[in-house]
Amino acid sequence: MSFVKKCLVPRLIQYFLVTFLGLTTAFFLPRFLPLDPVEQRIAQYQAFGVYIPPEQLEEIMNTLRQLYGLQGTLWEQYGIFWRRLFMGDFGPSLARYPTPVIQLIVQSIPWTIGLLLLTTLFAWVVAILMGGVAGYFRNRWTEILDGIVMVMRPIPYYIMALLCLIVFAYIFPIFPLSGGVGIGREVSFGFDTIVSIVKHGALPALTLLVVGIAWQFQSMKLIVQGVRSESYVWYARAGGVRERKIIFHYVIRNAMLPMITQLGLQLGTIFSGALVTEMVFAYPGVGWILYDAVMKGDYNLIMGIMCISVVAVTTSILFLDLVYPIFDPRVRYR
Amino acid sequence: MSRVLRLENLKAFYVLEAWGEKKVIQAVNNVTLEIPSNEVYGIAGESGCGKSTLLRTLFADIEPPLYVFSGRIHYRVDDHDIDVLSLKSAEKRKLRWTYISYIPQGSMSVFNPVKRIKSTFLDFLEDHVRGKVRENLLSLSVEHLRRVGLPPNVLDVYPHQLSGGMRQRVAIALATLLRPTVILADEPTTALDVVAQRAVLELLREVHHELGNTIVLVTHDMGIHAQITTRMAIMYAGRVVEEGPTKAIFASPLHPYTQYLIQALPHIGEKKPKEGIPGSPPSLLSPPLGCPFHPRCVFAFSLCREKVPSLEEFVPQHKVACFSRQRGECVFEGEKMRRYESKNMDDYRERG
């Protein structure tokens with residue numbers, strides 16, 4: 001009971017407050033821009049030389065305002081925004097009118113999550129194990145590994161991605177150049193489709209893994225080097241506790257704590273996509289449509305993705321906060 | 001008198017390399033010691049005199065930057081002398097905790113901060129007691145804690161939930177879990193208030209009483225030596241300068257350095273301000289030629305500046321490394337002084 005009162009309730013209040021503020025920002029920010037999407041739209045039509053009579057213009061503008069959720073005062077719009085939000089409705093996409101924003105997001109989010117969740121988790125686990133072992137033992141092999149990572153990590157990500165693309169898709173055409181699945185293939189759960197998805201995802205995943213493992217490996221290695229000189233590690237060794245147990249239960253276990261925080265924060269940002277990856281590989285994820293929306297001034301779509309991002313980040317932080325004491329008993333619920 | 005540990009001409013130096021420059025810190029310099037069984041053996045000396053390093057080498061825990069340059073360390077196991085420095089690490093590991101164990105400094109956190117005390121106990125037990133299931137090991141731990149007078153529920157808490165004194169006592173329980181023949185204690189009372197100190201010392205005494213083993217206690221606190229040790233060695237600048245029964249050392253200290261140490265002890269009713277030793281301890285990087293104490297010694301003469309005195313028996317059981325004492329030339333205040341010291345000692349015994 002005291003857990004609910006002292007810890008859960010304040011955390012939840014904080015969570016909802018932050019989410020509320022984030023969503024409010026996501027709503028107001030586009031509206032403070034010195035652009036009116038309705039007028040932009042009309043100007044676009046008129047630029048094509050379409051003549052719109054003034055009485056019809058007024059009507060069209062009203063219709064567009066209503067469709068975009070832009071009629072009434074700012075506060076009325078804000079009310080409508082919340083009402084729509086609870087029904088999962090962000091309005092129609094302005095660039096791909098009349099496709100609802102939510103539909104675009106739902107279409108692209110599985111790609112992003114599939115790619116980023118897998119690579120993030122995998123890179124995290126591998127980096128912890130590799131960094132843990134490399135930080136604990138110091139011999140020739142770990143020095144070599146360290147050297148390779150040192151060279152890899154400073155390479156800018158887009159260069160790495162382009163390099164992989166050129167080498168593995170152009171010079172040695174092992175993997176397809178772009179897309180999420182073969183052209184013209186229906187997305188289903190057939191064997192061929194899955195093979196195609198894996199093949200298309202391999203290169204983006206590879207680049208994300210290399211970069212993700214490299215920097216997390218380095219931070220894990222440094223943390224481990226700090227932990228291994230802690231007195232409890234020395235004492236366990238002095239007491240004859242087996243080496244394997246010391247590495248996993250004493251060194252890596254304690255060095256993992258900052259890495260858990262890192263993972264939690266990373267998982268939250270997954271939902272806004274990996275812009276550069278999806279650009280380079282033309283991967284149909286959230287990053288790709290976000291880029292598209294920004295270029296085409298698709299306010300509803302930007303807002304939709306922002307909202308989902310905000311909720312994802314705050315939720316993952318809440319989750320982290322609640323789960324962390326399991327890993328570190330010194331951080332107690334207050 | 002049987003012995004459990006023997007050191008022969010041990011030289012253990014720290015070698016530090018910085019920017020191509022090699023520095024050698026002579027932490028344990030030519031130490032020869034015999035530690036008898038069933039005693040509480042004290043090692044005293046000021047900070048940086050090499051007493052903790054000596055303890056580490058006794059524990060045969062020699063890791064860079066510490067290197068053993070010469071000498072031997074013998075453990076007496078089942079009436080055989082074992083040269084520990086020539087043992088393989090697996091064999092050394094077998095001796096740890098069953099034959100010899102280590103109690104670290106009070107300020108040192110020896111428990112994994114993210115695990116319950118229980119799991120540390122089990123980890124230490126599991127690798128020494130084969131073929132037993134966890135429940136058995138756990139009940140073994142509970143039983144042991146009860147025996148040394150600690151509540152068994154400390155097993156279920158995390159290290160940060162224990163007070164400093166309690167943590168130190170649990171560490172002692174952990175070190176004595178397998179009833180080792182020798183327990184090395186490195187300043188077990190440092191960073192504790194006097195009440196917790198007393199509890200820790202009481203526990204050590206109880207353990208000693210129960211197991212009938214040898215405890216090697218390192219501390220700079222002469223009061224603690226007076227309270228608990230039966231025999232002691234005084235170290236100065238990496239060397240043992242005096243060695244003998246604690247009572248004899250407190251009653252008639254032979255080495256000038258020991259004299260100063262004992263003079264510095266306060267006793268009840270005394271109003272006179274205490275005098276420090278003139279000068280400062282030598283650097284272990286380049287100890288002075290000859291007796292390391294000679295720059296601060298009022299009895300020093302030409303030989304002291306040239307040769308290092310060896311530790312020799314002066315009166316039965318009581319050894320000293322001092323030329324002027326060995327020659328009989330250094331004369332202290334005499335009988336008056338001696339009475340004062342023994343009174344001082346009784347004060348400490350009573351308070352303990």
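Along each chain, residues carry numbers from 1 onward, in the same order as the chain's sequence is written. The lettering of chains begins at A and the numbering of ligands begins at 1, in the order of writing. With pLDDT at 70 or above as the cut-off, local features in this predicted model cover only qualifying residues; side-chain atom pairs require 80 or more to be listed or tallied, and sums for whole chains, interfaces and linings still use all residues.

### Describing the domain arrangement of chain A
- Residue ranges for the domains originate in an automatic or database domain assignment. Each assigned domain of chain A is listed here: domain 1 (38–87) and domain 2 (106–327).
- For domain 1 of chain A and domain 2 of chain A, the distance between their C-alpha centres works out to 41 Å.

### Concerning the domain arrangement of chain B
All names here are of chain B.
- Partitioning chain B into structural domains gives domain 1 (3–229) and domain 2 (245–268 + 281–351).
- Here the C-alpha centroids of domain 1 and domain 2 sit 28 Å apart.
- Residues are treated as contacting if the C-beta atoms built from their backbones sit within 7 Å of each other. Opposite the 15 residues of domain 1 that make contact, domain 2 presents 13 residues.
- Labels follow the DSSP assignment, with helices taken as runs of H or I lasting at least four residues and strands as runs of E lasting at least two, numbered in each case from the N terminus. Looking at the side of domain 1 that touches domain 2, the elements that each hand over two or more residues are strand E2 (21–36) and helix H7 (222–228).
- Three residue categories are used. Nonpolar comprises Ala, Val, Leu, Ile, Met, Phe, Trp, Tyr, Cys and Pro, charged comprises Asp, Glu, Lys and Arg, and polar comprises the others, including Gly. In terms of residue class, the side of domain 1 that touches domain 2 is made up of four nonpolar, nine polar and two charged.

### A short note on the environment of Ile102 of chain A
Residues and elements named next belong to chain A.
- Residue position: Ile102 is located in helix H5 (residues 101–136).
- Separated by 13 residues in sequence, Ile102 and Asp89 have C-alpha atoms that sit 6.3 Å apart.
- In contact with Ile102, not counting residues within four places along its chain, are Gly88, Asp89, Phe90 and Gly304.

### Quick look at the pairing of strand E9 (residues 231–236) of chain B
Residue and element names in this part refer to chain B.
- We call a residue exposed when 12 or fewer other C-beta atoms sit within 10 Å of its C-beta, buried when the count reaches 20 or more, and partly exposed for counts in between; the C-beta positions come from the backbone. Of all six residues in E9, six are buried; the element is thus mostly enclosed.
- On E9, burial covers both faces: Arg231, Ala233 and Met235 on one face and Met232, Ile234 and Tyr236 on the other are all buried.
- As paired elements, strand E3 (residues 40–44) and E9 share four bridges and run parallel to each other. Its bridge partner being in E9, Ile43 is matched across the sheet by Ala233.
- Of the pairings in the sheet, the one linking E9 to strand E10 (residues 239–245) comprises six bridges and is antiparallel in character. The residue of E10 that forms the bridge with Arg231 is Pro245. The pairing criterion is simple: DSSP has to find at least two bridges between the two strands.

### Re the interface of chain A and chain B
- In this complex, chain A contributes 16 residues to the contact, which on the side of chain B involves 20 residues.
- Of all the secondary structure elements, the ones that give two or more residues to the side of chain A that touches chain B are helix H9 (231–238) and helix H10 (243–269) of chain A.
- When residues in the side of chain A that touches chain B are grouped by element, the largest group, five residues, is from H9 of chain A.
- Residue composition of the side of chain A that touches chain B, grouped by class: seven nonpolar, four polar and five charged.

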